[in-house]
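Structural overview for review
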Amino acid sequence: MQKTSIATVCLAGTLEEKMRAAAEAGFHGIEVFEPDLVASPLSPEQVRDLAEELGLTLDLYQPFRDLEGVPEEQFQQNLRRLEAKFQLMQRLGVDLILLCSNVGTATNWEDPVAVEQLRRAADLAAEYDVRIAYEALAWGRFVNTYEHSWSLVQQADRPNLGLCLDSFHILSRRGDVTGFRDIPGEKVFFVQMADAPLLLMDVLSWSRHHRNFPGEGGFDLVTFMRELYATGYTGPVSLEVFSDVYRQTESVRTAREAMRSLQWLDDAQSGDVPARPTGWDFAEVRAAEPADLVEVLTQLGFADRGRHRTKDVHLFAAGDARVVTNDRAEAPLEHAGGSVIASVGLQVPDPRSTAEHARDLHFPKAWRANRADEMVLRGVQAPDGTEVFLAPSTAAAPQWVGEYGSRAEGETAGDDLILGIDHVNLAQPWQWFEEGVLFYRSLFGLEAQVSNDVASPQGLVRSEVMRTPDGAVRIPLNLIPHGLDPGRSAEPRSLSGHVDHDELRLKAAYPQHVAFLSSDAVEVARRARGRGLRMLPVPSNYYEDLAARFNLDEGFLAELRENDVMYDRDEGGEFLHFYTRTVGTVFFEVVERRGGYEGYGAGSAPVRLAAQYDLDRQ
Ligand SMILES: O=C(O)c1ccc(O)c(O)c1
Ligand SMILES: [Mg+2]
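Since the model is a prediction, treat every value here as computed from it, not as a measurement.

Overview of the domain arrangement of the chain
For the chain, the assigned domains read domain 1 (4–269) and domain 2 (279–616). For domain 1 versus domain 2, the distance between C-alpha centres works out to 42 Å. Residue-level contacts link 19 residues of domain 1 with 20 residues of domain 2. Carbon and sulfur atoms supply 54% of the area that domain 1 and domain 2 bury against each other, a total of about 1,900 Å² over both sides. For domain 1, the biggest contributors to the area lost against domain 2 are R253, R260 and W264; these three give 38% of the whole. Counting across the interface, domain 1 meets domain 2 through one salt bridge.

Considering the packing of helix 9 (residues 221–230) against helix 10 (residues 251–269)
In the contact formed by helix 9 and helix 10, the axes pass within 9 Å of each other and the chain directions differ by 70°. In terms of orientation, helix 9 and helix 10 fall into the roughly perpendicular class. Contacts between helix 9 and helix 10 pair L221, V222, M225, R226 and Y229 from the former with W264, L265, D266, A268 and Q269 from the latter. Grouping the constituent residues of the contact of helix 9 with helix 10 by class yields seven nonpolar, one polar and two charged.

Things to note about the coordination of the magnesium ion (ligand 2)
For a metal with four tetrahedral donors the ideal donor-metal-donor angle is 109.5 degrees, whereas six octahedral donors ideally subtend 90 or 180 degrees. The coordination sphere of the magnesium ion (ligand 2) contains the protein donors E135 (OE), D166 (OD), Q192 (OE1) and E240 (OE), at a distance range of 2.0 to 2.1 Å. Geometry at the magnesium ion (ligand 2) is octahedral, judged from the six donor atoms that bind it and their angles of 76 to 176° at the metal. Residue classification places D166 among the buried residues on the basis of a relative accessible area of 2%. Under the relative-accessibility criterion, Q192 is labelled buried at 0%.

Things to note about the sheet that holds strand 8 (residues 237–239)
Within a beta sheet, neighbouring strands are joined by backbone hydrogen bonds and run either parallel or antiparallel to one another. If you walk around this closed barrel you meet the eight strands as 1-2-3-4-5-6-7-8, and the pairing is parallel. Ignoring which end each strand starts from, the neighbouring axes of this sheet average 30° apart. Inspection of the sheet shows strand 2 (residues 29–33) paired to strand 3 (residues 57–64) by five bridges, in the parallel sense. The residue bridging F33 from the neighbouring strand is Q62, located in strand 3.

Reading guide: rules and limits
- Residues numbered from 1 in each chain as written.
- Chains lettered and ligands numbered in written order.
- Predicted model: local features only at pLDDT ≥ 70, side-chain atom pairs only at ≥ 80, totals over all residues.
- Heavy atoms only, no water.
- Domains from an automatic or database assignment.
- Contact = heavy atoms within 4.5 Å.
- Buried area = accessible area lost by both parts, 1.4 Å probe.
- Salt bridge = Lys/Arg side-chain N within 4 Å of Asp/Glu carboxyl O.
- Axes fitted to C-alpha atoms, helices over the stretch in contact; angles between N-to-C directions.
- Helix = DSSP H or I, 4+ residues; strand = E, 2+ residues; numbered from the N terminus.
- Parallel < 35°, antiparallel > 145°, perpendicular 65-115°, else oblique.
- Nonpolar A, V, L, I, M, F, W, Y, C, P; charged D, E, K, R; others polar.
- Donors = N, O, S within 2.8 Å, 3.2 Å for Na, K, Ca; no water.
- Tetrahedral: all angles 85-135°; square planar, octahedral: opposite > 155°, others 65-115°.
- Buried < 20%, exposed > 50% of the residue type's maximum accessible area, 1.4 Å probe, protein only.
- Pairing = 2+ DSSP bridges.

This is the structure:
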């Protein structure tokens, strides 16, 4: 990897805390963001000494604003302002300054005037051995593309005047990065990387609030890096992320996430794609009231495959869907009145190499005590605390199934209409949503489907599905809005080691679910009702709306309505699904996909959330 750097604006805390966090995470250097310095009690000399002590280089001083394209008198004032910064930079020991394209004070723009002023600024900088990196802000008044900034830099023709390429400014405007080929690498003085969710909003607000780290958003940063390296650029790759989330989360954790994002980008850019999971091995649900869980699973058609030889857990199975449940009430869950998807098992081609990859990315390990004669699954902890176990890909029943019960395998198969796990929906505390996206992308090569917002009575739930291209593994991540946040603070979770009791308790406060794939959802619902299952009730208004939206056969509609089964249709095919009552905070869904339907029942999620909210309050 090339030299790594991070802008202090990415991190929470004081300048000193930011610097310590960057060093702790292993960054080579930092960009000093001016407002952080101005607000710091440290003198420039002390900042310089602290950097040296921490082993950090000070790579860039930024930003300098609104210099060019102004009337001469104003320009002279700007030069004085600039010179003061050069003097400051000498005290800091920084020799590169970032100059943003003018966003306000330039009024009668003419390229030649700006060129001449950039040239004069560069000549002044040369007296201080300073270099200037000119950055086209996406909302620059006249210069807002890198092509334009490059044209001005070329015309100004000074060795100490070059470009800063910032992925956000370029990709937010759908810039064409193949144009980098026209720029010699040595004229790129600095590179700032940021990702962002693909939002439709003005670029300034998008940039100032919603940037995130590479791999957490929707930009094609892989192509960006390839084109950048093709110029021969060898300078630092720096992160510059303005984020409402990361400004308030623990800085060491954020810095580690930032470093991981660069590792992912480096791997991805060199064509290194992680081995993808081939399917679900199991889901583990723990409840304060395990008997309730057992009841719902049994009613759904799951067979009790017995207790584990040595642990207080039970296996329930139907088709290839396997759910492990706790036998005894767990104190922390009881306290929260909840339940939790404690872990999931993913089948991967080579668990050992996925585990090694997890270690390289510094994801904490998940541990389970095992006896010598038991199959050991390697595990890793997702940012939300969910443990993800790595099982070998297999078409047959996994080997560990033999550790349960005494009955011969296959004797109690469960309902034959249930085929396997379709998806596992994991609620994400707001401060770790982005980390969740990078976790599944960097470790498992999952891809993010376009996100959407789902209305709930307690706020908007942002939902983003991480999935394998073939759909074998789908993990919708739901960002829990503040209204639903049970008072969880942004306190750092332990960065290594086991999910502790507090962790479990907090996680148990969020609704999560496991969805099973079936070949006939209406029939599964009918049978389950026959066994006494309480479904999530669907209001009559929903079916009237369905009738209006789709020209459904009367009999079919009645069948859906009688069984509380919901319906959706798109170009690909049809979707039928229903939800069970909630046990603590976990519930189950049964889905049927007809044709090439790839969604999750858009339109039904708000109805589900409202129904659950209603039940919760009864
Ligand atoms: O939002 C800004 O003003 C701003 C400042 C400096 C940068 O490097 C940048 O990308 C944006
Ligand atoms: Mg920038």
